[in-house]
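# Chain and residue survey
Letter by letter, the chains look like this.
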Amino acid sequence: MPRKSPPKRRDRPRGPAQARHRHARHTPESGEEFTGVVRDMAATGEGIVAHPGGQVCFVPGVWTGERGRFRVTGRQGRAALGVLVALDAPSPDRVVPPCPHHGHDEDHCGGCPWQFVAYGAQLAAKEARLRRALARLGVAEAQAPIWAAPETFGYRNRARLRSDGERIGFLAAGSNRLAPISDCPVLTPHNRETLAALQERLPEPAWRPRRRGPLTVLPIDDEQGPEAVAPNAPQRFRQGNSAQNARMREWLADSLKGCEAPSAVELFAGSGNFTEILTTAGCAPVFAVDSAGDAIAALAALRLPGVTTQALDLFDAAAPERLEAALAGARLLVLDPPRDGLRQLPAFLARAPRLTEVRYIACDVATFARDLEALLDAGFALEAVQPLDLFPHTPHLELLARLGRAPR
């Protein structure tokens, strides 16, 4: 899809009156209360409320269009932070959260900040955030309707519980404190059973943090039972929603139909979640790279036909040069980076002159938009971007993008 020029900003010149108004802007003080309306939702899940003095205030536990009274609690950069004191006009999309541990303060779990909102409204907010980002680049027409999660509860196939040896829970909202839980409805049934089994072991002296160190992490996964839980053990990356991950793999397979068995470079390959799809689609050779040595070792152990693996820090400034030989002959680039995206993407593209296809799986709208601009500047066209809801009741949004470029 050709890129359209984004709308131009028409900033009026600022005269003395505007300048005086700007300098007279009131800075909210901690503890100050004010009345306002939630005008939008931030990417991190808080409501964006305009303070009467002109400042922006981020408030958790509110939704677009709601009016209420708010208290300023601090600052974050140029913005204020606040809490809801009283809700005067609630949103019609408000629902009663089914989880008793849901909340937005240091006494409640911070894992599902949007659980108080109807699922359809959650999806609409995620679509709107993506649409704004694409519109700024002139490619909003490429956005497809969001793929909703088939299950909004019971989907989480892995988690990192916390414990102080006496209690088990998750981190409290906006803090590093423990929020004890008795159950968690977003966990898969298997993981809920694991949680119950771990709670039966309390108190557990082996889970007490040393001195004043951080809380002990208890990683759980529905591929293992409670007897396999190892305190503070690292977890190899795995998409947290199995049903939606299967749909992502199907998307990749469908998007490669018609491609003539291109040579491929896969960045952030992990342990092979998408590499298997590339080989099934006939891509050969496939050069798969990830910074996690254990994940690459697991991928290599699969012995997929035509796949070469390499452990490499893709955020290292020398990474594009070290991959120059593999990039030089690649026709297809597949990347699934973490939230930071791949700021060095232009350097990788400059070493891949034969690229005609890109598949970008993203988990952050802002960094995806930044990297998408680099791809557009390199002559690629955004053919389609498919939003997918991987984690219901959170602001997280997964993106599946297909881009193409005429052969050079």
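Each chain has its residues counted from 1, running along the sequence as written. Reporting in this predicted model follows two pLDDT cut-offs: at least 70 for local features of residues, and 80 or more for side-chain atom pairs to be given and counted; totals over whole chains, interfaces and linings ignore these cut-offs and use all residues. Values reported for side chains reflect all heavy atoms of the structure, with hydrogen atoms and water molecules removed beforehand.

Next up on the list: the side chain of aspartate 164. Each helix is a run of DSSP H or I of at least 4 residues and each strand a run of E of at least 2, with the numbering of both proceeding from the N terminus. Secondary-structure assignment places aspartate 164 in the loop between strand 6 (158–163) and strand 7 (168–171). As used in this structure description, the phrase polar contact means that two N or O atoms lie within 3.5 Å; if the pair is within protein, one of them must be able to donate a hydrogen and the other to accept it, and residues adjacent in sequence are counted only when both atoms belong to side chains. A distance of 2.9 Å separates the side chain of aspartate 164 from the backbone nitrogen of glutamate 166, its partner in a polar contact. Separated by 2.8 Å, the side chain of aspartate 164 and the backbone nitrogen of arginine 167 make a polar contact. Contact between two residues is taken to exist if any of their heavy atoms lie within 4.5 Å; hydrogens are not considered. If we skip the residues at most four places from it in the chain, aspartate 164 touches Leu178, Trp207, Arg208, Pro209 and Leu215.

Another point: the pairing of strand 16 (residues 398–404). Only protein chains enter the area calculation, which uses a 1.4 Å probe; residues under 20% of their type maximum are buried, those over 50% are exposed, and those in between are partly exposed. Across the 7 residues of strand 16, 6 count as buried, placing the element largely inside the fold. The criterion for strand pairing is that DSSP finds at least two bridges linking the strands in question. Of the pairings in the sheet, the one linking strand 15 (residues 381–388) to strand 16 comprises 7 bridges and is antiparallel in character. Residue pairing across strands places leucine 382 opposite leucine 403, the latter belonging to strand 16.

Interpreting fine coordinate detail is not advised for predicted regions of low pLDDT. Each residue gets a pLDDT score, which is the predictor's confidence in that residue and runs from 0 to 100. The predicted model of the chain has a mean per-residue pLDDT of 93, with 94% of residues at 70 or higher. Segment residues 9–23 is flagged for pLDDT under 50; beyond a separation of four residues in sequence, or across chains, it makes 2 contacts in the model.

Moving on to the pattern of salt bridges. For side chains bearing opposite charge, pairing can occur when the charged atoms are close. We define a salt bridge as a contact between a side-chain nitrogen of Lys or Arg and a carboxyl oxygen of Asp or Glu at a distance within 4 Å. The full count for this structure, using the stated rule, is 20 salt bridges. For glutamate 33, the salt bridge is made with arginine 71, and the minimal N-O distance between the two is 3.3 Å. Remark: arginine 71 occurs in strand 4 (residues 67–76) and glutamate 33 occurs in strand 1 (residues 33–41); sequence separation between them is 38 residues. By relative accessible area, arginine 71 is classed as partly exposed at 33%. The closest approach of N and O atoms between glutamate 204 and arginine 201, which form a salt bridge, is 3.3 Å. Judged by its relative accessible area of 16%, glutamate 204 is buried. Taken together, the salt bridges that share partners define one network made up of Arg158, Asp221, Asp222, Glu223 and Arg238.

With that settled, the discussion passes to the sheet that holds strand 6. The 4 strands lie next to each other as 8-7-6-9, forming an open sheet whose pairing is antiparallel. Looking at the sheet topology across the chains shown, the edges are occupied by strand 8 (178–180) and strand 9 (216–221). Adjacent strand axes in the sheet meet at a mean angle of 50°, parallel and antiparallel pairs treated alike. Looking at chain direction, strand 6 and strand 9 are connected through 6 bridges and run antiparallel. Paired with arginine 160 across the strands is proline 219, a residue of strand 9. Axes here mean lines fitted to C-alpha atoms, for a helix over just the part in contact, with angles spanning 0 to 180 degrees between N-to-C directions. Against the sheet, helix 3 (residues 189–199) contacts strand 6, strand 7 and strand 9, and its axis sits at roughly 145° relative to strand 9.

What follows is about the sheet that holds strand 12 (residues 307–311). Strands sit in the order 12-11-10-13-14-16-15 across an open sheet of 7 strands; the sheet is mixed. The sheet is open, and its two borders are formed by strand 12 and strand 15, each paired with just one other strand. Strand-to-strand twist across the sheet, computed as the mean angle between neighbouring axes with direction ignored, equals 15°. Strand direction decides the pairing type here: strand 10 (residues 264–267) and strand 11 (residues 286–290), joined by 4 bridges, are parallel. Counted as the bridge partner of alanine 264 is valine 286 from strand 11. Those strands touched by helix 4 (residues 242–255) are strand 14 (357–362), strand 15 and strand 16, and its axis lies near 5° from that of strand 16.

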